Amino acid sequence: MKKIIATFLTIILAVGMIFPGAVLAVNEQFDNPDDNLISQNEAVEDLMDEVPPGAPTPTGTSYILMDANSGSILMGKGIDQTIEPAAISKIMTVLLAIENLEMDDVITVTASMYAFLPEEYSGDASLGMTEGEQFTVKDLIYSILLTSGNDACLALAITIAGNEASFCSLMNQRAAELGCQNTTFTSCYGASSYLNTSTARDLALILAECTNHQEFTDISRTYQHTISATNLYDASRILSNGSRFISTQEYAYEYYIGGKTGYSENVGYTIAAASEKNGRKLIAVILGATNSENRYRDVIDLFEFGFSSYTTIQLEPSEFTPLYNDTLEQINGVLLNTELGVIDSSMEFSSYLTTTSARTSLGSTNMIELKDVVIDTTLDDQYFNIPICKAYNDGKIYIVGVLHLHIAIKDKVIEKTPEKHSVWSNLRTALIAIIVIIALLLILVYAFYLFIKKNRRRSENDFRNRNKML
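Residues numbered from 1 in each chain as written. Predicted model: local features only at pLDDT ≥ 70, side-chain atom pairs only at ≥ 80, totals over all residues. Heavy atoms only, no water.

Chemist: Go over unusual backbone geometry, please, and point to the residues and values.
Modeler: A negative phi holds for most residues other than glycine; trans holds for most peptide bonds. One non-glycine residue, Ala 86, lies in positive phi territory at about 60°. Among the structural elements, Ala 86 can be located in the loop between strand 3 (73-77) and helix 5 (90-100). Of note in this structure, Leu 195 is not a glycine but carries a positive phi near 55°. By the element assignment, Leu 195 lies in the loop between helix 8 (164-177) and helix 9 (200-210). (Helix = DSSP H or I, 4+ residues; strand = E, 2+ residues; numbered from the N terminus.)

Chemist: Quick one: what's the story with the pairing of strand 10 (residues 280-289), residue by residue and with numbers?
Modeler: Most of strand 10 sits inside the fold, with ten of its ten residues counted as buried. Looking at chain direction, strand 9 (residues 268-277) and strand 10 are connected through nine bridges and run antiparallel. When the bridges of strand 10 are listed, Ile 271 appears paired with Ile 286. A loop of two residues connects strand 9 with strand 10, the two strands running antiparallel in sequence, and Asn 278 in this loop sits at a positive phi of about 50°. (Buried < 20%, exposed > 50% of the residue type's maximum accessible area, 1.4 Å probe, protein only. Pairing = 2+ DSSP bridges.)

Chemist: Kindly report on the nonpolar core, identifying the contributing residues and their values.
Modeler: Membership of the largest hydrophobic core comes to 65 residues, with the highest contact counts inside it found for Met 92, Leu 140, Ile 141, Leu 156 and Val 285. The contact partners of Ile 141, leaving out residues within four places of it in the chain, are Val 94, Ala 97, Ile 98, Met 103, Leu 156 and Ile 219. The next biggest cluster of nonpolar side chains, apart from the first, holds 49 residues, and it includes Tyr 63, Ile 286, Phe 307 and Leu 335. (Core = buried A, V, L, I, M, F, W, Y, C linked by side-chain atoms within 4.5 Å. Contact = heavy atoms within 4.5 Å.)

Chemist: So what's going on with the pattern of salt bridges? Residues and values would help.
Modeler: What the rule picks out here adds up to 16 salt bridges. As a salt-bridge pair, Lys 371 and Asp 372 come within 3.2 Å of each other at their nearest N and O atoms. The exposure class assigned to Lys 371 is partly exposed, which follows from its relative accessible area of 24%. Since its relative accessible area comes to 62%, Asp 372 is described here as exposed. Taken together, the shared-partner salt bridges in this structure form one network comprising Asp 46, Glu 50, Arg 359, Asp 394 and Lys 396. (Salt bridge = Lys/Arg side-chain N within 4 Å of Asp/Glu carboxyl O.)

Chemist: Any details on the layout of surface pockets? Residues and values, ideally.
Modeler: Where empty space is left becomes clear once a probe the size of a water molecule has been rolled over the atoms. What the largest pocket holds in volume is close to 630 Å³. Lining the largest pocket are 32 residues, with Ala 87, Ser 148, Lys 260, Thr 261 and Gly 262 positioned closest to its centre. When residues of the lining of the largest pocket are traced back to their parent elements, those giving at least two are helix 6 (137-147), strand 8 (256-264), strand 9 and helix 12 (292-309). Element by element, the count of residues in the lining of the largest pocket is highest for strand 8, at six residues. Of the residues assigned to the lining of the largest pocket, the class counts are 15 nonpolar, twelve polar and five charged. (1 Å grid on protein atoms, 1.4 Å probe; cavity = no way out; pocket = protein on both sides within 12 Å on 5 of 7 lines; lining within 4 Å. Points joined across faces, edges and corners; volume = space filled by probe spheres on them. Nonpolar A, V, L, I, M, F, W, Y, C, P; charged D, E, K, R; others polar.)

Chemist: Explain the sheet that holds strand 9 residue by residue, including any values.
Modeler: One key point about sheets: their strands pair by backbone hydrogen bonds, in either a parallel or an antiparallel sense. Pairing within the open sheet is antiparallel, and its five strands lie in the order 3-2-10-9-8. Each edge of the open sheet carries a strand with a single partner, namely strand 3 and strand 8. Averaged over neighbouring strand pairs, the angle between their axes works out to 5° when direction is ignored. Bridge analysis of strand 2 (residues 62-67) against strand 10 gives six bridges, and the strand direction is antiparallel. Counterpart to Leu 65 in the pairing with strand 10 is Ala 284. Across the sheet, helix 12 lies against strand 2, strand 3, strand 8, strand 9 and strand 10, angled at about 150° from strand 10, the strand it touches most. (Axes fitted to C-alpha atoms, helices over the stretch in contact; angles between N-to-C directions.)

Chemist: Requested: an account of helix 8, with residues and values cited.
Modeler: When the terminal C-alpha atoms of helix 8 are compared, their 20 Å separation across 14 residues agrees well with the 20 Å that a helix rising 1.5 Å per residue should span. The complete set of buried residues in helix 8 reads Glu 164, Phe 167, Cys 168, Met 171, Arg 174 and Ala 175. Each buried residue of helix 8 sits inside an arc of 120° when the element is viewed along its axis, so together they form one side. Away from its buried face, by an angle of more than 90 degrees, helix 8 presents the exposed residues Ala 165, Ala 176 and Glu 177. In this fold, the buried residues of helix 8 make contact with helix 5, helix 7 (150-161) and helix 9. Where helix 8 begins, the capping side chain belongs to Asn 163, and its oxygen is found 3.2 Å from the backbone nitrogen of Ala 165. Once helix 8 finishes, Gly 179 follows within two positions and takes phi at roughly 100°, a positive value. (Expected span 1.5 Å × (residues − 1). Arc of directions from axis to C-beta. Polar contact = N/O pair within 3.5 Å; in protein donor to acceptor, adjacent residues only side chain to side chain.)

Chemist: Tell me about the packing of helix 5 against helix 7, and please be specific about residues and values.
Modeler: To characterise two packed helices, one gives the angle between the axes of the helices and the distance between these axes. Put simply, helix 5 and helix 7 touch, their axes get as near as 10 Å, and they point 45° apart. With respect to helix 7, the element helix 5 is oriented oblique. As for the relative orientation of helix 5 and helix 7, their crossing is left-handed in sense. Of the residues in helix 7, those touching helix 5 at Lys 90, Thr 93, Leu 96, Ala 97 and Asn 100 are Asn 150, Cys 153, Leu 156 and Ile 160. For the contact of helix 5 with helix 7, the residue count by class is five nonpolar, three polar and one charged. (Parallel < 35°, antiparallel > 145°, perpendicular 65-115°, else oblique. Left-handed = near helix turned anticlockwise from the far one by under 90°.)

Chemist: Describe in detail the environment of Thr 360, supporting the description with residues and values.
Modeler: Structurally, the position occupied by Thr 360 is in helix 14 (residues 357-361). If we skip the residues at most four places from it in the chain, Thr 360 touches Thr 311, Thr 355 and Tyr 392.

Chemist: Can you explain the pairing of strand 15 (residues 381-392)? Please cite residues and give values.
Modeler: In summary, the side chains of a regular strand alternate between the two faces of the sheet. With five bridges joining them, strand 14 (residues 364-368) and strand 15 adopt antiparallel strand pairing. Looking across to strand 15, one finds that Ile 368 is bridged to Ile 388. Alignment of strand 15 against strand 16 (residues 397-409), held across eleven bridges, turns out to be antiparallel. Each residue of the ladder has a partner; that of Asn 385, found in strand 16, is His 404. Hairpin geometry of strand 15 and strand 16 is characterised by an intervening segment of four residues between the two adjacent antiparallel strands and by a positive phi of about 105° at Gly 395.

In structure tokens form, the structure reads like this:
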């Protein structure tokens, strides 16, 4: 009988009917679920294929608009095209300084931190350091983010790694850790003669990480900073923010939280900027813009469109708990008459999901995609990674998590709260056993007594009968 039940269940599961309600609900709602199912990796670029009407068209060789929370790319052109980033390179130098040094650390200037700068990089974009002069790490970062200080970059690089070449190796290593696949740094400040290379996508990833540090965003939004007189320079140095998001009324943008601009004869004007509004963080990068001013307007247009036309939600595991419990109940119900059962289960989720605002307005349903779940009742151990989805009413289904499931023979289930045996309970068990044994012995003795008594009566009766016959 067990074999018949097991075979029957295996056939049912193989055709995807283990959960008729869940499977039928998907088939009724979506004509072809497989075509609409978007994996977590695919979701990163999926929105680029369905840009809403009215999207801005920035000028430039390449550009990108990315949601920093979910990592989704909302819009872009040539996002993986390798281009010289120019002074945008400096955000990686700042990132490594924040991660490896304390803001109040004091750096003593050496000649190598400024003496070998090419002439075009030692003018206004320089602090004018003197050998033996001392600066804090914070002041050097202010110099980089507000006035694009090249000597400040070298001072931080040499302090961290000993020389610029070793520091560039750290830059490349950190870029790879952030997921950058087409970035190579050979200069800590973006000298054209060394030709750093990167892409709009990679620079967006680097800037997104920078904005996770409060020091970076606070300094980037500072209108003006004063470096007090140093041990070798009597006058103070006043640094004004060169970003037009901060320094002008025309391009002022209240949601701007940090970034960097650059220029190179090889590529033209570049810009990387971040903004934050109502908990959402967007990153925009434009490379190869033909006009200094237009790159600011184009970035603002990208931000405004991104905030209005797309929605990012933070996924809450608790909203999937009823579905999770119902799924486990159904699975255990189907396996009730078999030797199998769910012995372990858990859910794992992405943190955020981004999609168009129009799609969000249509509503969505949470679901667990069970149609490909096939349980073999002849196996002792089986592991499943089942997609947890958010299905929107226009047919788009995003995989937002995974249900990890372990099904095995029920005997393998470990008792989580075993009964505690006290001395009395052990003694009681022994006494009961003794009483049972004594009772059995008494019953045997009584039965033997009856047997003897019955035989004795039979013998007496036989004796009387024989006497009568005589």
